[in-house]
Amino acid sequence: MFSCLFLLISFLNILRCFHVSACDYSCSDKPVITPSRLVVKFGDPASATCVACQQACLPLDESIISMEASLGYPDVNGTKVTWTVDQMTEWKIKPKCYYTTSANHQCCSDLPVTVYKPPESVSFSLNPSEPLTDGSKVTLQCDVLNVAPVANLIVTFYRGQTPLGQVKSNDTTKEPVSETFSLSYNTRKEDDGVQFWCEAKLELGAEGPQPPLVVKSEEVTATVYYGPQLKVPADPAPISITRGEPLHLICLAEGNPKPQYSWTLPSNKGHRSGTDLKIDSAGVQDGGQYVCTVSNNVNSVSVTFNVTVQENFIPFIIGAVVAAAVVILIAAGVIYSFYYKQNKMGKYQLKDVFRLGAMHPTTVPLC
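Residues numbered from 1 in each chain as written. Predicted model: local features only at pLDDT ≥ 70, side-chain atom pairs only at ≥ 80, totals over all residues. Heavy atoms only, no water.

**Structural notes on the state of the cysteines**
In step 1: Taken as a whole and assessed by the stated rule, the structure comprises six disulfides.
In step 2: Disulfide pairing places cysteine 50 opposite cysteine 97 at an S-S distance of 1.9 Å. Linking cysteine 50 and cysteine 97, the disulfide has an S-S dihedral of approximately -85 degrees and is accordingly described as left-handed. Here cysteine 50 is found in strand E3 (residues 46–51), whereas its partner cysteine 97 is found in strand E7 (residues 96–100), with 47 residues between them in sequence.
In step 3: Paired through a disulfide, cysteine 53 and cysteine 57 show a sulfur-sulfur distance of 1.6 Å. In this structure, the disulfide formed by cysteine 53 and cysteine 57 twists by about -75 degrees around the S-S bond and is classed as left-handed. Across this residue pair, the class does not change: cysteine 53 and cysteine 57 are buried. (Disulfide = S-S within 2.5 Å. Helix = DSSP H or I, 4+ residues; strand = E, 2+ residues; numbered from the N terminus. Buried < 20%, exposed > 50% of the residue type's maximum accessible area, 1.4 Å probe, protein only.)

Right, here's the structure in full:
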């Protein structure tokens, strides 16, 4: 009889300790755990404190107070329980603080635990791989290796120091996983030589590391192929020069790969050197259209120069003016000489007239 009573009491105590299936989470005087949420790195120690109740679990000799978890051990001191883990080696741990009264009423509170692991590595790549072309669509790819929990990971893509967008995972796995994040991007010629990269940041809330853990990838320098872009007007104004003057035409563009230049001339005269064409002394036969074609393996463009070479009439005009001046001077000299002689001869005759008059006075008859 005594042994049966002992077994019955032991069985009731076991029922009081077996709290998982009968926990009441809505009781008014429920356990309070500090911190209310625990964030711990995998492999690190951890601890939490629970105050089981204010009044409901008293007297203590009639209640059972403890903290249950698949890892660690509780230390009960009155209504206070301290739970300690030397090394966090589980990903899905869920500690529970509880008390069970003499009436077998069990009141519980859970401690949310986030076990994290920083990314083992973060790498960035472009897909398709380089070289890219202007205006093409490319996928920016960020590979994150062995991170937990991946649901708390935020991946940001960068162009230089400018953020392009953020991507998060929908995976709720608690254990470490590797995941590839991607972002679509339209390339431009201005992206040539620009560095692209990504970073993975674990956002674990106020209870987690501050500032949040960030792992960056290496930078990848983009190579973008684009057709020649002219640095001179595509339709320049007509050019007019005088025969004998130099002619200098410039055709300049940028592109990737580096563009090549070819010239089409109205004559074979001239020195062609890539972007420049020079004629030291242009003739009338050098007038016409000069076409510069700039090309690479992406595209080609051309510039047409319309050149007119005019005859130089200035020497003829100067010669004519000089000749006319000489003729005028000669004519003036002849005229002057002629009139001068005539005037000079007229003076001598007048003297002779007066001289003869004095020698032979004229007699006037008297009436």
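**So, the nonpolar core**
In step 1: Counting residues in each nonpolar core, the largest one holds 28 residues, and the members touching the most others are Leu140, Val144, Leu153, Val155, Phe157 and Phe181.
In step 2: Of the residues forming this core, the biggest block, five residues, is contributed by strand E12 (residues 137–147).
In step 3: Not counting residues up to four positions away in its chain, the partners in contact with valine 155 are Cys142, Val144, Gly165, Gln166, Val167, Phe181, Cys198, Glu199 and Ala200.
In step 4: Leu38, Trp83, Cys107 and Leu111 belong to the second-largest nonpolar core, a separate cluster that totals 26 residues. (Core = buried A, V, L, I, M, F, W, Y, C linked by side-chain atoms within 4.5 Å. Contact = heavy atoms within 4.5 Å.)

**Comments concerning the sheet that holds strand E19 (residues 224–230)**
In step 1: Strand order in this open sheet of three strands is E11-E19-E22, and the pairing throughout is mixed. Whereas interior strands pair on both sides, the edge strands pair on one side only; in this sheet they are strand E11 (132–133) and strand E22 (253–256).
In step 2: Sheet topology note: the E19/E22 ladder contains three bridges and is antiparallel. In the strand pairing of E22, leucine 230 is matched with alanine 253. (Pairing = 2+ DSSP bridges.)

**Observations regarding the pairing of strand E5 (residues 73–77)**
In step 1: Note that E5 and strand E6 (residues 80–85) share five bridges and pair antiparallel. The residue bridging proline 74 from the neighbouring strand is tryptophan 83, located in E6.
In step 2: Hairpin connection, E5 to E6: the antiparallel pair is bridged by two residues, and glycine 78 has positive phi, about 70 degrees.

**What to know about the sheet that holds E3**
In step 1: Reading across from one edge, E1-E3-E6-E5 is the order of the four strands in this open sheet, with antiparallel pairing throughout. The open sheet has two free edges, formed respectively by strand E1 (32–34) and E5, since each of these has just one partner strand. The mean angle between the axes of side-by-side strands here comes to 20 degrees, regardless of whether they run parallel or antiparallel. (Axes fitted to C-alpha atoms, helices over the stretch in contact; angles between N-to-C directions.)

**Quick notes on the packing of aromatic side chains**
The geometry of an aromatic ring pair comes down to the distance between the two centres and the angle between the two planes.
In step 1: Here the structure, examined in full by the defined rule, presents five aromatic pairs.
In step 2: Summarising the aromatic geometry, the rings of tyrosine 158 and tryptophan 197 are spaced 4.2 Å apart at their centres and angled 5 degrees between planes, so their arrangement reads as stacked. Within this pair, whereas tyrosine 158 is found in strand E13 (residues 153–159), its partner tryptophan 197 is found in strand E16 (residues 195–202), the two being separated by 39 residues in sequence. Per residue, the accessibility class of tyrosine 158 equals that of tryptophan 197, and both read buried.
In step 3: When the ring centre of tyrosine 226 is taken as origin, the NZ or CZ atom of lysine 189, which lies over that ring, is 5.7 Å away. (Phe/Tyr/Trp six-rings, centres within 6.5 Å; stacked < 30°, edge-to-face > 60°. Lys NZ or Arg CZ within 6 Å of the ring centre and 35° of its normal.)

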